[in-house]
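Structural features, examined
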Amino acid sequence: MTHTIRKATADDAGRLAVLAAVTFPLACPPSSSPDDIAAHLANTLSEDHFNEYLADPDTTILAIDADGDLSGYSLLVNRPATDPDVASVLSLLPSVEISKCYVHPDYHGLGAAVELMHASLEASAALGGAGAWLGVNSQNARAIRFYEKSGFRKVGTKSFRLGSTVEHDFVLERPLP
């Protein structure tokens, strides 16, 4: 597989939404209802929302471009955390949120996620961050192991609304290179 990691552009919004529809459900607990997942996709990960993210000067989206197809993306938010549960536990300030970091399942186990995370951390440092943080569902053991191997450590918890349910996330943080 030939691929590059690059900053996403407005031309990528539709493909990012398609990729999000495949990858986001993989991060959800098995008990998540299809209706709640669909509502979340429509309310935060649609093509229109990706266009908004791409136009936001505080947001950076990195995409793995694999032979012309997008196989992964991360969404970095460079502004202070507004969730009081998050803001109260972060110690590495200023901190950049890695709001999303997903790789298509066809690329799992091939090193693409490691490369995307590395690029996300470098981009976060270039944005002026002293640290990076993210939220991960407390039941997503695979993602938690990946983030811990990437240097993150648990510093707190927060709630995450997924449609009609409230999920519980760990807040993880790490210093930037």
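These lines cover the structure that appears in this document, whether it is placed above or below. (Residues numbered from 1 in each chain as written. Predicted model: local features only at pLDDT ≥ 70, side-chain atom pairs only at ≥ 80, totals over all residues. Heavy atoms only, no water.)

Looking now at the overall build of the chain. Across its full length, the chain carries six helices and seven strands. Secondary structure of the chain in N-to-C order comes out as β-α-α-α-β-β-α-β-α-β-α-β-β. Taking 2.2 N^0.38 as the reference for a compact globule, 177 residues should give roughly 16 Å; the C-alpha atoms of the chain span a radius of gyration of 15 Å, in line with that estimate. Along the first, second and third principal axes, the C-alpha set of the chain runs to 40 × 40 × 30 Å. The contacts of the chain with a sequence gap of at least 6 include a subset with a gap of at least 24, amounting to 67%. Working note: accessible area of the chain is about 8700 Å², and carbon and sulfur atoms make up 53% of it. (Helix = DSSP H or I, 4+ residues; strand = E, 2+ residues; numbered from the N terminus. Rg over C-alpha atoms; globule rule 2.2 N^0.38 Å. Contact = heavy atoms within 4.5 Å. Areas by Shrake-Rupley, 256 points an atom, 1.4 Å probe, with all protein chains shown as cover.)

Glancing now at the environment of Pro94. Mapped onto the fold, Pro94 is located in the loop between α4 (84–87) and β4 (95–103). Judged by its relative accessible area of 49%, Pro94 falls in the partly exposed class. Between the C-alpha atoms of Pro94 and Glu52, which are 42 residues apart in sequence, the distance is 23 Å. Leaving out residues up to four positions away in the same chain, Pro94 has contacts with Gly128, Gly129, Ala130 and Gly131. (Buried < 20%, exposed > 50% of the residue type's maximum accessible area, 1.4 Å probe, protein only.)

Strand order across the open sheet formed by seven strands is β1-β2-β3-β4-β5-β7-β6, with mixed pairing between neighbours. Either end of the sheet is taken by a strand with one partner, and the two such strands are β1 (3–7) and β6 (153–162). Geometrically, the sheet is characterised by an average inter-axis angle of 25 degrees between neighbouring strands, direction not taken into account. As paired strands, β1 and strand β2 (residues 59–66) are joined by five bridges and run antiparallel to one another. Bridge pairing in β2 links Ile5 to Ile64. Of the strands in this sheet, β2 and β3 (69–77) are in contact with helix α3 (residues 47–55), which crosses β2 at around 115 degrees. Helix-sheet contacts for helix α5 (residues 112–126) involve β1, β2, β3, β4, β5 (131–137) and β7 (165–175), and the interaxial angle to β4 is about 160 degrees. (Pairing = 2+ DSSP bridges. Axes fitted to C-alpha atoms, helices over the stretch in contact; angles between N-to-C directions.)

Running from N to C, helix α1 (residues 13–27) and α3 cross one another at 120 degrees; their axes reach a closest spacing of 8 Å. The pairing of α1 with α3 is recorded here as oblique in orientation. The element α1 and its partner α3 pack so that their crossing is right-handed. Contacts between α1 and α3 involve Ala13, Gly14, Leu16, Ala17 and Ala20 from the first element and Glu47, Phe50, Asn51 and Leu54 from the second. Its residues assigned to classes, the contact of α1 with α3 comprises six nonpolar, two polar and one charged. (Parallel < 35°, antiparallel > 145°, perpendicular 65-115°, else oblique. Left-handed = near helix turned anticlockwise from the far one by under 90°. Nonpolar A, V, L, I, M, F, W, Y, C, P; charged D, E, K, R; others polar.)

Where the residue is not glycine, phi is negative for most of them; where a peptide bond is considered, it is trans in most cases. Residue Pro94 is reached from Leu93 by a cis peptide bond, and omega for that bond is -5 degrees. One non-glycine residue, Asp67, lies in the positive phi region at around 55 degrees. Along the polypeptide, Asp67 turns up in the loop between β2 and β3.

This part takes up the packing of aromatic side chains. The full count for this structure, using the stated rule, is six aromatic pairs. Summarising the aromatic geometry, the rings of Tyr73 and Tyr102 are spaced 5.8 Å apart at their centres and angled 55 degrees between planes, so their arrangement reads as tilted. Within this pair, whereas Tyr73 is found in strand β3, its partner Tyr102 is found in strand β4, the two being separated by 29 residues in sequence. Overall, the relative accessible area of 0% leaves Tyr73 in the buried class. Its relative accessible area of 16% is what places Tyr102 among the buried residues. Residues Tyr147 and Phe152 carry aromatic rings whose centres are separated by 6.0 Å and whose planes lie at 70 degrees to one another, so their mutual orientation is edge-to-face. Cluster of aromatic residues (ring-pair linked, three or more members): Phe24, Phe50, Tyr53, Tyr73 and Tyr102. (Phe/Tyr/Trp six-rings, centres within 6.5 Å; stacked < 30°, edge-to-face > 60°.)

Limitation: the analysis is restricted to geometry and does not speak to function.
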